[in-house]
Amino acid sequence: MAFSRRNFLKYAAMSAGGTLIADAPFFSARARAEAEGGNVRYVPTSCEMCFWKCGAIAKVEKDKDGKDVVVKLEGNPLHPQSMGRLCARGQAGIGQLYDPDRLKRPMIRTGKRGDGKYKEVSWDEALTYTADKLKEIIAKNGPESVSMMSHGSPGDYFTNLVKALGSGNIAFASFAQCKGIRDAAWELTFGHKPGSSCERVDLKNSRVIVLLGTHLGENMHNSQTQEFAEAVGNGAKIICVDPRYSTAASKASLWLPIKPGTDTALLLTWINIIISEELHDKAYVEQYTIGFEQLKEAVKQYTPEWCAKETDLPEADIVEAARDLGRYAPHVVIHPGRHAAWYGNDAQRSRAMAILNAILGAWGREGGMWLPANGKFASFNDGYPKYPDPAKPPVIKGDYPFAGGEGLTQVLRDTIITGKPYPIKALFVCGTDMLKALPAPDLTRKAIDNLDLMIAVDIMPSETAMMADVILPECTYLERHDGLFKVEARQAGVGIRQPAIEPLHETKPAWWIASELCKKMGLTEYAVKDSWEARMKRQAAAWGVKYEDVADKGYVTIPGSEKPYITADNQPEFKTTSGKIELFSADLEKHSFDPVPKYEPTEGPEQGMYRLLYGRSPVHTFSRTINDQWLWEIQPENEVWLNKKEAEALGLKDRQLVKLENQDKVTVGPVRVKVTERIRRDCVYMVHGFGHNSPRLKRAHQRGVDDQQLITRYKVDPITGGTGMRVNFVKIIKEA
Amino acid sequence: MELNIVGANAITYPAMHVWDWRVAIYLFLGGLSGGLMTMSAINYLRPKKNFDSSCSWQITLLAPILLSIGLFFLNLDLERKLNAFWFYLAFKPVSPMSWGAWIVLFIYPLMILYALAALPKEVKAGIKNRSLRNASDAMQPHLLKLAKANVIAGILLAIYTGILLSTLVARPLWNSAILPVLFLTSGMSAGAAVMIIVAKTKETKLFFTKVDIWLIVAELIVLLLFFYGHYVGDAAHRQAIMPFFSSSHEFFPYFLSIVVLGVCLPLAIVLKFLEVTGEHTEELTTSGLLLMNASAVLVLIGGAVIRFAVVYAGQLSGYGGYM
Amino acid sequence: MPRYVMVIDQSRCVGCMACVVACKRENDIALDHYRTRVVEMVKGEFPRLRTEMRSELCNHCASPPCVNICPTGASHKEEDGTVQINRHKCVGCKACITACPYDVRYINEEHGYADKCSFCQHRLKEGKEPACVATCIGRSRMFGDFDDPNSLVSKVLRENSWRVLKPEVGTKPNVYYINQFPRKS
Ligand code: SF4
Ligand code: SF4
Ligand code: SF4
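Read on for an overview of the structure. (Residues numbered from 1 in each chain as written. Chains lettered and ligands numbered in written order. Predicted model: local features only at pLDDT ≥ 70, side-chain atom pairs only at ≥ 80, totals over all residues. Heavy atoms only, no water.)

**Concerning the interface of chain C and chain B**
Interface size is commonly expressed as the accessible area that is lost once the parts come together.
Part 1 of the argument: At the junction of the two partners, chain C supplies 48 residues and chain B supplies 41 residues.
Part 2 of the argument: Summed over both partners, the interface of chain C with chain B buries about 3,700 Å², with 59% contributed by carbon and sulfur atoms.
Part 3 of the argument: Area buried by chain C at its contact with chain B is led by C:Val91, C:Lys94 and C:Thr98, which between them contribute 17% of it.
Part 4 of the argument: The interface formed by chain C and chain B includes three salt bridges.
Part 5 of the argument: For C:Asp103, the salt bridge is made with B:Arg171, and the minimal N-O distance between the two is 2.9 Å.
Part 6 of the argument: Linking chain C to chain B there are 25 residue pairs in polar contact (both at pLDDT 80 or more).
Part 7 of the argument: Listed by contribution, the elements that provide at least two residues to the side of chain C that touches chain B are strand 2 (37-45), strand 3 (48-56), helix 2 (65-69), helix 3 (95-99) and strand 6 (106-107) of chain C.
Part 8 of the argument: Of all the elements, strand 2 of chain C adds the most residues to the side of chain C that touches chain B, at seven residues.
Part 9 of the argument: Pairing analysis gives five bridges linking strand 1 (residues 2-6) of chain B to strand 2 of chain C, with the strands arranged antiparallel. Note that in strand 2 of chain C the partner of B:Glu2 across the bridge is C:Val42. (Contact = heavy atoms within 4.5 Å. Buried area = accessible area lost by both parts, 1.4 Å probe. Salt bridge = Lys/Arg side-chain N within 4 Å of Asp/Glu carboxyl O. Polar contact = N/O pair within 3.5 Å; in protein donor to acceptor, adjacent residues only side chain to side chain. Helix = DSSP H or I, 4+ residues; strand = E, 2+ residues; numbered from the N terminus. Pairing = 2+ DSSP bridges.)

Right, here's the structure in full:
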C-alpha cells in the first residue's frame, strides 16, 4: 500500500485517541478529499464491471512521478445500486484498467481473419479506413447492409451512427440470449418489464421468496444480493427451485432440485393449488386482473401428484411451497429471474411466473414488487435531427411478433449468412465477445466470414475482437464520461460516469470514436457537438438536476419519485391492451399462441448423456473479466459439476481432468470435474465465460472451458425469438 | 464434506510448511553441540582412569563449530537476514525465540573459554599466536569450574532446542512438555556417540558406550512417553501423531521415520551391549572399532531423524481444521 | 481506548468474495497471498445438504501466541486491541506463522516480513470501517468498539449467542461468529 507521508503524519497525530468508528459518511467527493487533504482525489462514477451500474467512488492518488493512479474503488453509499458496497468485480475494476493485455492502439488486420496479425495505426488512419470501407459497402449494398451487435455501453453511441447511416439492423445480446424473453412476457402480463435498472422485487420486506433458477449470490447484482442477504437475515422463507444446490439454495428453507425443463409444470401446479385452495388475493385479482376464470380452468389439469412425477420433486414439498406462498401473500415474490433463454418455450414460463405473482397480489405490495418509480425525465437528444427512415425494413425481429426493440442477434447473424432478404456486409461489434455470447458459435464464425467489414470496439482482445478487420480500442469506464444515467430503483435518480484518470495508452471513449466516424461519414449533424461532458451538462439541465451535484455526489434522487406500494391514491397503471393484468392474454391468442401458459415437456438426455447447464460466478461477468488479475486469481478456470454417484459410476475423482463431448460430437477440454452432492444426476453444470481462445489474453487463455462451444443447438422461443440454450447434452470422457 | 476455500495462503494451506530442513538441521546440531559440551566436560570431570586428552580438546572445539553451523542454517531460514540484529535489541521474556538468541550469547563464551582451558600443552606449543597462548594459559586454572559450567550449559542448550517448538500451542505435536526432554536425551546420546567416534583410547570409548546405553534407553522411554502423551491427549494431540502410524502413502516418510528409529536405537543398544560385555583385548580390533563406530552412527542417524520428523510432522498438526 | 472487534454473521455470507478482493486492493497484497478468506463447507447427501459459510481473518486475539513467540517485538498488541506487525523489526523467522492456530499469517515475499490482517488500522484512523466490512455485500461482517455499549457489535453480541474459532487454544479471539447456519423458517 502506498504508505504516504500524509497518512503517516496523520497516524502520528491520531494515535493518541480517536475512537470513532462508524463508517465515515460520504456526502461529496470534494468534501472527502478536502478532509483528507494532500494528494488524494475521490471521483464518483458508475461501475461497468457488469451492467448493474453501481455507484462507485474511485480513490486517485499521485504516484512518485506525479501521475494519477486509481488505488481503490469503493461503493457510493448514496447510490441505490451499490448502497456503499461494491462486489468483487467492482473492487477489481482496477485490474481491468491496468491490465497489460488491454487493446492499446487502433489496429488494422494484415493477415487472414482470425490469425491475429495486425498493424497498429493512428486513430485517423483507422477511422479513415473504416469510413472508406463503409462508404464502399453502402454504395454497393445500401445503408441497411451496415449492422451492429452490442452488449453494453458502447452500443448506444454506435446505435446513433448506424441509425444515422439509415440502417435499423442493430441487435443486443441482452434480449434473445438473456432477459428479453422475460421482459416481453411481463409486458404481456403487466404492461411493464419487471424492472429496468434492477428487478423491482422487494426482497428485504418479503416473507417468502421463490427463486426459480436464479442463483442470487452467484448471480451477483449488487443491491439485489444485498437485499437477498437482508431477507435471509430477516428470516424470510426462501424457496429455491434449481437442479443445482446453489449458494442461494444453501440459504433456502426449501430446496427443490427440479428436473431441468419442467419449471412451467411446477409453476402451473402452484397456480392450481393456490386457486383451488382459494389462497389467492381475491380482492386484488378481482380489481386488477382479467382472465381469472380461464386461468382457473386451464390449470386444473396440473395436479400435485402429476407434478411430482413430472418434476421429480416430493409432492409434499410442492404443496407446502404453494401453501406458504398463499399464507404470506401478498408479501411474497416469485423472482422474475434474468437470464431466461433456457428451453425455447421460455416466454410462457416467464408468463407463468408473472401470473403467479399476480394472483398472489404481489405487484405493488410490500414484500412483493414495488411499483415503478415515478420520475419524470424530459426526453433529450441534444438537438440531433431525426434519423432517416431505414432504407429497407430491419431484419432484427425475424418472424417473432413479440421480439423487443433490442433485436434478435441470431436473426441478424442468419441474415449475414444467407444474405436474405438483403445482404448485410458490415458489422460493428461493440463490447461483446459474440462467439461466447451467441449459441452455435460455428454459425457466428460463418457469419463473420461473410462480412466485408467487421469493426470491433472493445477493451480487451477477445477472440471475437481478434477476428475484426479494424479494432478500435475503447477506454475503460474509469477513463471516460458516459451517461447521465437514469437510475430506476425504488426511487428514480440520476447517476453519472466520469473519468477517474485520463485514458491510458491510445484508447478513446466510445462516444468519441462513434462521433468521429459520424464526421468521417459526413454525418456531422449526428456527431457530438463539443464534448460528452458538455452534452451531459445540457442533459442535466433538461432533466432539471444540477450537474455539479451529480458530478460531486455521483447520484442524485428525484424527490418524491418513490411510490412503491399500492394505496388508495397510488394506483398501479398496467400498460397492457386491456389496462389490467392479463392472466389471459388476448394478444397472444391473436397470434395463435396459448393465451394461458401450458406446459410442454422438454426433451431429456439420452442414456449416458447429461444436460448441460451453465451459470454465473460472483467474481466474473461472462467472459469479460476472466483476464482481470484480481478476479482471475480467485477463479482462473471453471469446473464441471457432476453428481457424486454419477462420478462413482464413471470412475471419476474430484478435480480429475475430463473432456466433454456434446450430441453433435463437439469436444472441449480438458477441464476439471467437481464431484459433488450439489447437483442432480441428470445434468452437469459449469460457469459460463471461460475457455478463452485469444492468446493475447495471457492469463485467461485456455483456462477452463467454454460452454458456448458445446451449445451447438438452440431452440427458439416462438413468441419472442429468444434462443433457448439449455437443450444441449454432453458426455464425459475421461482424459487418458 | 465438500470444502471450498478462497483466499488460502500456500504457506499454510493445505498444510503448513514454514520451517524445513534448515531448521531441522539447526535443531539437530544445536542438540548435538549441547551434548558434546556436556559429554566432553564429563570426560574431564569423571574420576580418571586413563585420561584421553586428545579426545576432549578436539571435542571442545567441535561443539562451538557445530553450533555455528547450526546457527548458519537457522540464519539461512530467516527471510530478513539483515534484520537479525533486532534479536539483540529486544529481550522478550515470554518468547523462547528471544531466549534462544540470548542463550547463544552466554553459551559461546563458555564454550570458547572452556576450549582454551582444555588445550593440551603439546597443542598449545604449536600455536603461533601469542595472545591466544596467553589466553589459554590464563584459563587453564579454571578448567574444572568451566567444565562444570559446560555440563549445565550443554544440558540447557539441548533442552532449549525442544522448548522452542514445545511452546507453539497451535501445533499440538510440538506442544508437549516431553518434547524438550526428548530432545535433551537425544542430544546427549548423540553427544556421547560423537565422543565414541572421536575418542582414541579403548577405555574412553567403552565409558561413553556405557553412558550411551543409558541415554538411549532413556531416549526410547521418553519417545514412547511422547507418543503416549499425545495419544491420551485431546483430539488434536491424538490426531497429531497420526502421520507416524498411518499406512497412507502420503505419510510414508513419517511412518518410515518411526521404523528407522525403531530399528536404529535398539540396534545401537544391542551393539553397544555386545561391546561392553564382549571379551576385549588391550587394543580394539578393527572389527570391534567398526562395530562401535557403526553403533554411534546409528545413534546420530536416530537423532537427526527425530528432529526432521518432529519439525515436519508438527506442521501438519493443528487444532480444528475444517470439519 | 476502544476495543475493536469483528462480528461475522455466517448466515448472511453469500460467498461473493468482495471482501477478499477489497482487502487485497486496500492493502496492496501480492498475487496468491491473502489476509482474509472465505470458507464454504457443504455437508450431507443429495438432496439433504447443509452449508456453512465462514469468512476468516486474523482474530486479533486478546492472548495472542504470535506476539508471545515473536523474538523482536515486531508482532505486538496495541492499545485498541488489535495485533499489529512492525515491519522494520521483523526478522522473518516465521515463528509467528507457526504459532498462529488460525493460519492467517504469511510472508511478504518481496520484503520478507510476516504479514496479516491489520483490521485496516489505517482506515480506522480515518474513521472508516475495515475494507472488507465496508464492502461486505451480505452485511455479514460487522465491526466496531466492543466497549461502547451502543455500538452495533456490542449490541449484536448481547443479543445473539456467539462463538469464537478454536476456543480450546486459549487465544481469546476478537472475531466473533454468530448464526453458523441460516435459519430455516
Ligand atoms: S454489481 Fe459489481 S460489477 Fe456490477 S456494477 Fe455493481 S459493483 Fe460493478
Ligand atoms: S480488516 Fe482489512 S486487512 Fe483485515 S481482512 Fe479485512 S480488509 Fe483485510
Ligand atoms: S463480502 Fe461478505 S458476503 Fe461476500 S464473501 Fe465476504 S463475508 Fe461473505
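**Focus on the site of ligand 3**
Part 1 of the argument: Near ligand 3 lie 13 residues; those nearest to it are C:Cys13, C:Cys16, C:Met17, C:Cys19 and C:Cys136.
Part 2 of the argument: In terms of residue class, the shell around ligand 3 is built from nine nonpolar, three polar and one charged. (Near = heavy atom within 4 Å. Nonpolar A, V, L, I, M, F, W, Y, C, P; charged D, E, K, R; others polar.)

**Some remarks on the pairing of strand 1 (residues 40-46) of chain A**
All names here are of chain A.
Part 1 of the argument: For strand 1, the buried fraction is high: six of the seven residues fall into the buried class.
Part 2 of the argument: Looking at chain direction, strand 1 and strand 2 (residues 55-62) are connected through seven bridges and run antiparallel. Looking at the pairing, Thr45 lines up with Ala56 of strand 2. (Buried < 20%, exposed > 50% of the residue type's maximum accessible area, 1.4 Å probe, protein only.)

**With respect to the pairing of strand 14 (residues 453-458) of chain A**
All names here are of chain A.
Part 1 of the argument: Counting buried residues in strand 14 gives six out of six residues, a clear majority hidden from the surface.
Part 2 of the argument: In strand 14, alternate side chains face the same way, and those of Leu453, Ile455 and Val457 on one face and Met454, Ala456 and Asp458 on the other are all buried.
Part 3 of the argument: Pairing of strand 13 (residues 426-430) with strand 14 involves five bridges; the strand directions are parallel. Residue pairing across strands places Val429 opposite Ala456, the latter belonging to strand 14.
Part 4 of the argument: One ladder, built from four bridges, connects strand 14 with strand 15 (residues 470-473); its direction is parallel. Across the sheet, residue Ala456 finds its bridge partner in strand 15, namely Ile471.

**Some thoughts on the sheet that holds strand 8 (residues 208-212) of chain A**
Residue and element names in this part refer to chain A.
Part 1 of the argument: What the four strands build is an open sheet, ordered 10-9-8-12; its pairing is parallel. Lying at the two open borders of the sheet, with one neighbouring strand each, are strand 10 (254-256) and strand 12 (332-334). Neighbour to neighbour, the strand axes of the sheet diverge by 10° on average, direction disregarded.
Part 2 of the argument: The sheet contact formed by strand 8 and strand 9 (residues 237-241) spans five bridges and is parallel. Residue pairing in the sheet places Leu212 in a bridge with Val241 of strand 9. (Axes fitted to C-alpha atoms, helices over the stretch in contact; angles between N-to-C directions.)

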